[in-house]
Amino acid sequence: PEGGELKNDIPTDAKLPTRRIKTYGKQFTLSRQAFINDDIDLVTRIPARYAAAARRTINTQCYRILMNNPAIYDGKSLFHADHKNLLTKGTGITQAAVQAMILALSTQKDEFGQPIIVRPGKIIVPAGLDFDIYTIFNSPTINTEGNTQAVNPLYPYRDLEIVSDPTINTLAGGFGNVMPWFMTANPSDSSFIEVDYLNGQEVPTIRRMETPGQLGFVWDIYLDWGINVMDYRGAIKNPGVAINNPLG
């Protein structure tokens, strides 16, 4: 009120993740004879292969977090009933499941119990489920039980990025096993899993050396990165269903 006083606020605290970076590296050697007989550009191709291997390793480590569901900074599993980011029953890609995940994602609260605005950003699925997503998202109308046309409520979300990665298939044990799928938040609304690089360097460092007493070179290839769960509110998990082998 007019002439009133501002009341003193008492700051509150909450557990947050601790970010860590590790160093990953490999070494390989090529003799002088290998240089002389290098008619397939092995010398120039090996560093690029190791750089690609680093990217695959980072990708696999991220998906292992999704699949293994480890305990995070608050002591609970990443996908947990208390986090309100886990569907109780797994389903395939259905309109009802997608709408439920969007609703769960958008009604999250921050660590102090305040509502936050979280929009869906990506849908991450194992290879083979992306066909169903395109079917239910890209048509402005849908058939109802009475064989009539109705507005497709998911059509406005047709621009969501679809990520189909066979790494999920592999980590789930292959075809015939239950494979989960996920919806993640728009990164401008909430963080989820972040990959940190030392000084922002995303390309491996390559160091070449000569070994005394030997004709040839030794290469050290290394890269520093860390993968951290920043906020469990940034994703919703659907436990999924079994995916049959397309080859029978």
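Residues numbered from 1 in each chain as written. Predicted model: local features only at pLDDT ≥ 70, side-chain atom pairs only at ≥ 80, totals over all residues. Heavy atoms only, no water.

A.B. asks: So what's going on with the overall build of the protein chain? Which residues, and what values?
C.D. replies: A count of helical and extended segments in the protein chain gives five helices and ten strands. Expressed along its principal axes, the backbone C-alpha trace of the protein chain runs to roughly 80 × 65 × 30 Å. The 248 residues of the protein chain split such that 35% are buried. The contacts in the protein chain between residues at least 6 apart in sequence include a share of 75% that link residues at least 24 apart. Accessible surface computed for the protein chain: about 15,500 Å², of which carbon and sulfur atoms make up 52%. Taking the average place of the 23 positive charges on the side chains of the protein chain and the average place of its 25 negative ones, the gap between the two points comes to 6 Å. (Helix = DSSP H or I, 4+ residues; strand = E, 2+ residues; numbered from the N terminus. Buried < 20%, exposed > 50% of the residue type's maximum accessible area, 1.4 Å probe, protein only. Contact = heavy atoms within 4.5 Å. Areas by Shrake-Rupley, 256 points an atom, 1.4 Å probe, with all protein chains shown as cover. Lys, Arg positive; Asp, Glu negative; His and termini not counted. Charge placed at Lys NZ, Arg CZ, Asp CG, Glu CD.)

A.B. asks: Residues and numbers for the pattern of salt bridges, please.
C.D. replies: For the coordinates displayed, the defined rule picks out eight salt bridges. Between Asp-196 and Arg-19 there is a salt bridge, with its nearest N and O atoms 3.0 Å apart. Taken together, the residues Asp-196 in strand β7 (residues 193-197) and Arg-19 in the segment before β1 (22-31) connect sequence positions 177 residues apart. Overlapping salt bridges, with partners in common, bring together Arg-19, Glu-194 and Asp-196 in one network. (Salt bridge = Lys/Arg side-chain N within 4 Å of Asp/Glu carboxyl O.)

A.B. asks: Please set out the side chain of Asn-228 residue by residue, giving values where relevant.
C.D. replies: Considering the arrangement of structural elements, one finds Asn-228 in strand β9 (residues 216-229). Take Asn-228: its relative accessible area is 8%, and that puts it in the buried class. Within the local environment of Asn-228, its side chain forms a polar contact with the side chain of Asp-196, the two groups lying 3.1 Å apart. (Polar contact = N/O pair within 3.5 Å; in protein donor to acceptor, adjacent residues only side chain to side chain.)

A.B. asks: I'd like to hear about the nonpolar core, residue by residue, with values.
C.D. replies: Side chains that are nonpolar tend, in soluble globular proteins, to be buried together. Counting residues in hydrophobic clusters, the biggest one holds 46 residues, and the most contacted among them are Leu-78, Val-98, Ile-123, Phe-137 and Trp-181. If one sorts the elements of this core by residue count, helix α2 (residues 42-68) sits on top with seven residues. Look past the residues within four positions of Val-98 in its chain and what remains in contact with it is Ile-136, Phe-137, Leu-154, Trp-181 and Met-183. (Core = buried A, V, L, I, M, F, W, Y, C linked by side-chain atoms within 4.5 Å.)

A.B. asks: Can you explain helix α4 (residues 130-137)? Please cite residues and give values.
C.D. replies: All of the buried residues in α4 are Asp-130, Ile-133, Ile-136 and Phe-137. What you see down the axis of α4 is that its buried residues fit within an arc of 125°, all on one side. Pointing more than 90 degrees away from the buried face of α4 are the exposed residues Phe-131 and Thr-135. Buried residues along α4 sit against α3 (95-106), β2 (120-125) and β5 (161-164). (Arc of directions from axis to C-beta.)

A.B. asks: Give a detailed account of the packing of aromatic side chains, specifying residues and quantitative values.
C.D. replies: Enumeration over the complete set of coordinates arrives at six aromatic pairs. Consider the rings of Phe-28 and Trp-219, whose centres lie 4.9 Å apart with planes at 5°: the pair is stacked. Of this pair, Phe-28 sits in strand β1 while Trp-219 sits in strand β9, placing them 191 residues apart in sequence. The same class applies to Phe-28 as to Trp-219, namely buried. A network of ring pairs unites the aromatic residues Phe-28, Tyr-50, Phe-217 and Trp-219 as a single cluster. The residue whose ring lies beneath Arg-158 is Tyr-155, and the NZ or CZ to ring-centre distance is 4.0 Å. (Phe/Tyr/Trp six-rings, centres within 6.5 Å; stacked < 30°, edge-to-face > 60°. Lys NZ or Arg CZ within 6 Å of the ring centre and 35° of its normal.)

A.B. asks: Give me the lowdown on the sheet that holds β2, citing residues and values where you can.
C.D. replies: One open sheet accounts for four strands, arranged β5-β2-β6-β10; its pairing is mixed. Pairing within the sheet leaves two strands with one partner each, and these edge strands are β5 and β10 (235-242). The average undirected angle you get between the axes of adjacent strands in this sheet is 20°. In this sheet, strand β6 (residues 178-185) lies alongside β2 in antiparallel orientation, the contact comprising four bridges. Bridge pairing links Ile-123 to Met-183 in β6. (Pairing = 2+ DSSP bridges. Axes fitted to C-alpha atoms, helices over the stretch in contact; angles between N-to-C directions.)

A.B. asks: Let's hear about unusual backbone geometry: which residues, and what values?
C.D. replies: One non-glycine residue, Asn-69, adopts positive backbone phi at about 50°. Tracing the backbone through its elements, the reader meets Asn-69 in the loop between α2 and α3. Unusually for a residue other than glycine, Asn-199 sits at a positive phi of about 60°. Note that Asn-199 resides in the loop between β7 and β8 (205-210).

A.B. asks: Would you mind going over α3 in detail, with residue names and values included?
C.D. replies: For α3, built from twelve residues, the straight-helix expectation of 16 Å at 1.5 Å per residue is met to within 8% by its first-to-last C-alpha distance of 17 Å. Listed in full, the buried residues belonging to α3 are Ala-97, Val-98, Met-101, Ile-102 and Leu-105. Relative to the axis of α3, the buried residues are bounded by an arc of 135° and lie together on one face. Summarising the geometry of α3, the exposed residues directed more than 90 degrees from the buried face are Ala-96 and Leu-103. (Expected span 1.5 Å × (residues − 1).)

It is worth stressing that arrangement in space is one thing and function is another; only the former is reported here.
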